[in-house]
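# Reading the structure
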Amino acid sequence: MMTASDSATALCSLLGCDYPVLLAGMGGVSRWELAAAVANAGGFGMLGMVRESPALITEEVTRLRAATDRPFAVNVIPAATDPALLDAQIGCGLDLGVPAFTFFWDVVPEAVARVKAAGRLVLHQVGTVEAARAAEAAGADVIIAQGIEAGGHVHGRHPLCGLTEEILEAVQVPVVASGGLSTGGDLAAFLSMGAAGIQCGTAFLATDESFAHPYHKDRVAAATGADTVLTDVFVLNWPAGAAVRVLENSVTKSLGGHYMGHDPDTLLREEIAWDGSHPRLRYSTDSPLRTTTGDLEAMALFAGQGAGAICRIVPAAERIAEMVREAERILGRPLASRSGAAS
């Protein structure tokens, strides 16, 4: 049976990273600067390209490659993307030689097969054991188990610890844990459980290089895990019932505790913010970015339950280094890494 150390080593070898720490492919937030910073620090970088145009994907991949020679993934989400755009996104990524793709939400075997047929890696984030089995059967090389503690879109309703244990029993490919994880203690705990690594979103949102608006970063740094709520009110642009974990704000407080069960067709389409000439609607899944102006407080302020451990906005390399040092101290051994690992 593969040990925890062997599993992490295998993941790092497969992905071409030094440490088993993955950047979540956060739409809007995980742009080239953050992905490059994570990769150069020894983690695995992802570009969050949900519903983005092939032109932007080309620009982001080009800029990322100018900033790092490390492998990376592009994250796209079939369930939240028009089929024609999804086809163009995958085609663009393949033409650009993108080495790996990350999929999320529903398992779409055709999309996985297309990427695998081109000889690229597939990572698939899931919220249930059933989806993990389906993703592996479709050809996924890595399963990312997402717990209910996660920030942003949350697929399942299961606590991460139990879900990870079940998925580890159900699949043969490496399993990465994701959801509310932001410290070296988290990394050590899930490696000890048998996971191959962890994926972090909130911890990297609150870094210098993330494309999140400073207001969003500051709110995360000031928050605790108890300041987050799971709601499906921020649902415009996504399928009905798609829940997100966000920091409480004026919108969630107005719900009177009724966080779930909102029908997108009944939600007011009101412009409250803008990215250039592009309006951002109240109740949309758009979060405030560096380029956003308007009522930022009323937008979806994504954050996981690990926000309480994030008290400062720091460079991504510093966040990874802190995680690695703490995990190595707890485990009493170096983390799996390639020769020439970042330090």
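Going by the structure above, here's the rest.
Quick look at the structure, then.

Taken together, the side chains of Glu130, Glu165, Glu166 and Glu169 present a region of like negative charge at the surface. Take the negative patch: its biggest share by element is three residues, from helix α7 (residues 160–170). Counting through the fold element by element, Glu166 comes out in helix α7.

In this section: the pairing of strand β5 (residues 121–126). Note on strand geometry: in a regular strand, side chains alternate between the two faces of the sheet. With six of six residues buried, β5 is to be regarded as a mostly interior element. Burial along β5 is two-sided: the residues Leu121, Leu123 and Gln125 and Val122, His124 and Val126 are all buried. As paired elements, strand β4 (residues 100–104) and β5 share five bridges and run parallel to each other. What sits directly across from Phe101, in β5, is Val122. Regarding the hand of the β-α-β motif, the stretch spanning β4, helix α5 (residues 109–117) and β5 is right-handed. The pairing of β5 with strand β6 (residues 142–146) spans four bridges and is classified as parallel. Its bridge partner lying in β6, Val126 is registered against Ala145. Handedness of the crossover is the feature at issue here: the chain leaves β5, passes through helix α6 (residues 129–138), returns alongside β6, and the resulting connection is right-handed.

Now for the sheet that holds strand β2 (residues 45–48). One open sheet holds the eight strands; their spatial order is β1-β9-β8-β6-β5-β4-β3-β2, and the pairing between them is parallel. Two strands bound the open sheet, and with one partner strand each, they are β1 (21–23) and β2. On average, each strand axis in the sheet is tilted by 25 degrees relative to the strand beside it, whichever way the strands run. As judged from the four bridges shared by β6 and strand β8 (residues 175–178), these two strands associate in the parallel manner. Paired with Ile144 across the bridge in β8 is Val176. Sitting on the sheet, α7 touches β5, β6 and β8, and the angle it makes with β6 is about 155 degrees. Relative to strand β9 (residues 197–200), helix α8 (residues 184–193) is tilted by about 140 degrees, and along the sheet it contacts β1, β8 and β9.

Reading the values: rules and limits
Residues numbered from 1 in each chain as written. Predicted model: local features only at pLDDT ≥ 70, side-chain atom pairs only at ≥ 80, totals over all residues. Heavy atoms only, no water. Patch = residues over 30% accessible without salt bridge, like charges linked within 9 Å, V, L, I, M, F, W, Y side chains within 5 Å. Areas by Shrake-Rupley, 256 points an atom, 1.4 Å probe, with all protein chains shown as cover. Salt bridge = Lys/Arg side-chain N within 4 Å of Asp/Glu carboxyl O. Lys, Arg positive; Asp, Glu negative; His and termini not counted. Charge placed at Lys NZ, Arg CZ, Asp CG, Glu CD. Helix = DSSP H or I, 4+ residues; strand = E, 2+ residues; numbered from the N terminus. Buried < 20%, exposed > 50% of the residue type's maximum accessible area, 1.4 Å probe, protein only. Pairing = 2+ DSSP bridges. Right-handed = clockwise from strand over helix to strand, strands pointing away. Axes fitted to C-alpha atoms, helices over the stretch in contact; angles between N-to-C directions. Contact = heavy atoms within 4.5 Å.

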